[in-house]
Amino acid sequence: MFARFRRKRIHPVLRDLLQETHIRATDFIYPLFVRSGVGIKDEVGSMPDVFQMSVDEVIKECEVLKSLGIYSIILFGIPDTKDAIGSDALCEHGIISSSVKAIKKAHPDMFIVTDLCFCEYTDHGHCGVLDHKLGTVDNDETLKNLAIQAVIHAKAGVDMIAPSGMMDGMIGAIRKGLDSAGFEHIAIMSYSTKFSSSYYGPFRDVAESSPSFGDRRTYQMNPANRQEAILESLADEEEGADILMVKPALAYLDIVRDIKEHSKLPMAVYNVSGEYSMLKFAGRAGVIDYEKVMMETMMAFKRAGADIIISYHAKEVAQILKNNS
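Residues numbered from 1 in each chain as written. Predicted model: local features only at pLDDT ≥ 70, side-chain atom pairs only at ≥ 80, totals over all residues. Heavy atoms only, no water.

## Quick look at the environment of Asp 88
For step 1, the next point in the chain: Looking at the element boundaries, Asp 88 is found in the loop between β4 (72-78) and α3 (95-106).
For step 2, the next point in the chain: Measuring from C-alpha to C-alpha, the distance between Asp 88 and Phe 2 comes to 66 Å, with 86 residues separating the pair along the chain.
For step 3, the next point in the chain: Other than its neighbours up to four places away in sequence, Asp 88 contacts Pro 79, Thr 81, Gly 94, Ile 95 and Tyr 121. (Helix = DSSP H or I, 4+ residues; strand = E, 2+ residues; numbered from the N terminus. Contact = heavy atoms within 4.5 Å.)

Put into structure tokens, the structure is as follows:
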């Protein structure tokens, strides 16, 4: 006798009862890009429905998110001025610090994550202090600044730190800095396996963070390396990361599963700008059923092992879930 798997698929109620993977609005963290000013909400041409916003508009956006059941955001800052070391990121009155304070005052129930890096703040667009002899980022000098930056965010009221620069030893340095300043309770969600990917292009438009020279291959991961990808995340776990992350998501689901099988820590994925924009523009061109492909993609992230999804699609997904509830 051959197996009859279709018996479990014929009735829609039984199909629902046996569904193994589920998506919830609370699975998502929504990225927001904040800059100084008032009443600013500028759409990014390469990322439809994604905006640079002033903090007053971000506060309004948080109200919309909560109405959809999303209570988690990750903030990226766009400073007015940039310099060689990213001074705005090291200032208690900088764009991120002031924005966190304002959002927390308006929405104390919103869970705020801050991206911890320097690429948006430096005039050269790289993720830390430069070593001019090597022509790349000075790893250990950048660690010192990351610890300072993390404490500034913690003082502002952030709930979780998300370091994204792929510096060796960054989690240990940040954990030590936070703990020494009395912020042992602040969690770290590490961009623990972040690839040097071509999927980041539209993000660099919205965050204004393109490198002025070279690229980031000396610190971000080679997309061809599977074993190293696992080791990167396990090293961050050893240093004290609370949550691991793979970025990008869609082209690296094998890595998500690999790390999930090697670690018991929660796993996040970043559904990055290029992945988002491809679906958006394909939907507008009528070559895919946008909503169905979007939901199928989110399911793939969860099935691969993601507990948390950072995605620009989050509001649309939450609206679909709400409509179907």
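After that view of the structure, there is still more to cover.
## As for the pattern of salt bridges
For step 1, the next point in the chain: Per the counting criterion, the structure on display carries 15 salt bridges.
For step 2, the next point in the chain: Among the salt bridges present, the one from Asp 159 reaches Lys 104, with a minimum N-O distance of 2.7 Å. In this pair, Asp 159 is assigned in the loop between α4 (139-156) and β8 (160-163) and Lys 104 in helix α3, connecting sequence segments 55 residues apart.
For step 3, the next point in the chain: Notably, a salt bridge pairs Asp 242 with Arg 175, separated by 3.8 Å at the nearest N-O pair. With a gap of 67 residues between them, Asp 242 in the loop between α7 (226-239) and β11 (244-247) and Arg 175 in helix α5 (residues 170-180) connect regions that are remote in the sequence.
For step 4, the next point in the chain: For Asp 242, a relative accessible area of 32% corresponds to the partly exposed category.
For step 5, the next point in the chain: Within the structure, one salt-bridge network assembled from shared partners comprises Arg 24, Asp 27 and Lys 302. (Salt bridge = Lys/Arg side-chain N within 4 Å of Asp/Glu carboxyl O. Buried < 20%, exposed > 50% of the residue type's maximum accessible area, 1.4 Å probe, protein only.)

## A word on helix α11 (residues 314-324)
Because each turn of an α-helix spans 3.6 residues, side chains separated by three or four positions end up pointing in the same direction.
For step 1, the next point in the chain: Buried residues of α11: Ala 314, Val 317, Ala 318 and Ile 320, and no others. For α11, the arc enclosing every buried residue in end-on projection is 160°, short of the 170-degree limit, so these residues lie on one face.
For step 2, the next point in the chain: Taken together, the buried residues of α11 touch β1 (28-35), α10 (290-304) and β13 (308-311). (Arc of directions from axis to C-beta.)

## Some details on the packing of aromatic side chains
For step 1, the next point in the chain: Scanning the entire structure with this criterion turns up seven aromatic pairs.
For step 2, the next point in the chain: Between the aromatic rings of Phe 33 and Tyr 312, the centroid separation amounts to 6.3 Å while the plane-to-plane angle is 15°, which identifies the pairing as stacked. One end of the pair, Phe 33, is in strand β1; the other, Tyr 312, is in the loop between β13 and α11, and 279 residues separate them in sequence.
For step 3, the next point in the chain: On the accessibility criterion, Tyr 312 (4% relative accessible area) is buried.
For step 4, the next point in the chain: Taken together, a centroid distance of 6.2 Å and an interplanar angle of 40° make the contact between Tyr 191 and Tyr 270 tilted. Taken together, the positions of Tyr 191 in the loop between β9 (187-188) and β10 (193-194) and Tyr 270 in strand β12 (residues 267-271) put the pair 79 residues apart, joining distant regions of the chain.
For step 5, the next point in the chain: A relative accessible area of 1% places Tyr 270 in the buried class.
For step 6, the next point in the chain: Taken together, the aromatic side chains of Phe 33, Phe 76, Tyr 191, Tyr 270, Tyr 276 and Tyr 312 make up a single cluster linked through ring pairs.
For step 7, the next point in the chain: Taking the ring centre of Phe 51 as reference, the NZ or CZ of Lys 41 above it sits at 4.9 Å.
For step 8, the next point in the chain: For Lys 247, the ring lying beneath its charged end belongs to Tyr 200, and the centroid distance is 5.1 Å. (Phe/Tyr/Trp six-rings, centres within 6.5 Å; stacked < 30°, edge-to-face > 60°. Lys NZ or Arg CZ within 6 Å of the ring centre and 35° of its normal.)

## Quick word on α7
For step 1, the next point in the chain: Here α7 spans 21 Å end to end across 14 residues, near enough to the 20 Å set by a 1.5 Å rise per residue.
For step 2, the next point in the chain: Here α7 has its buried residues at Ala 229, Ile 230, Glu 232, Ser 233 and Asp 236. All buried residues of α7 lie within an arc of 155° about the axis, which places them on one face of the element. Residues of α7 that are exposed and point over 90 degrees away from its buried face: Gln 227, Leu 231 and Glu 238.
For step 3, the next point in the chain: Downstream of α7 by one or two residues, Gly 240 has phi in the positive range, about 120°. (Expected span 1.5 Å × (residues − 1).)

## Description of the pairing of β11
For step 1, the next point in the chain: Side chains Leu 244 and Val 246 of β11 all project onto a buried face; the interleaved residues Met 245 and Lys 247 project onto the opposite face, where all are buried too.
For step 2, the next point in the chain: Inspection of the sheet shows β10 paired to β11 by two bridges, in the parallel sense. Residue pairing across strands places Lys 194 opposite Lys 247, the latter belonging to β11.
For step 3, the next point in the chain: Where β11 lies against β12, three bridges are found, and the strand directions are parallel. Paired with Val 246 across the two strands is Val 269, which belongs to β12.
For step 4, the next point in the chain: Note on the crossover from β11 through helix α8 (residues 253-262) to β12: the handedness is right-handed. (Pairing = 2+ DSSP bridges. Right-handed = clockwise from strand over helix to strand, strands pointing away.)

## A short note on the side chain of Ser 99
For step 1, the next point in the chain: Topologically, Ser 99 is positioned in helix α3.
For step 2, the next point in the chain: Judged by its relative accessible area of 1%, Ser 99 falls in the buried class.
For step 3, the next point in the chain: Among all residues touching Ser 99, those that are not within four sequence positions of it are Val 34, Val 55 and Leu 75.

## Description of unusual backbone geometry
For step 1, the next point in the chain: Between Lys 247 and Pro 248 the backbone carries a cis peptide bond, its omega angle lying at -5°.
For step 2, the next point in the chain: Here Asp 49, not a glycine, exhibits a phi torsion of approximately 70°, which is positive.
For step 3, the next point in the chain: Tracing the backbone through its elements, the reader meets Asp 49 in strand β3 (residues 47-54).
For step 4, the next point in the chain: Classification of Asp 49 by relative accessible area gives partly exposed; the value is 35%.
For step 5, the next point in the chain: One non-glycine residue with positive phi stands out, namely Met 166, at about 60°.
For step 6, the next point in the chain: The buried category is assigned to Met 166, whose relative accessible area is 5%.

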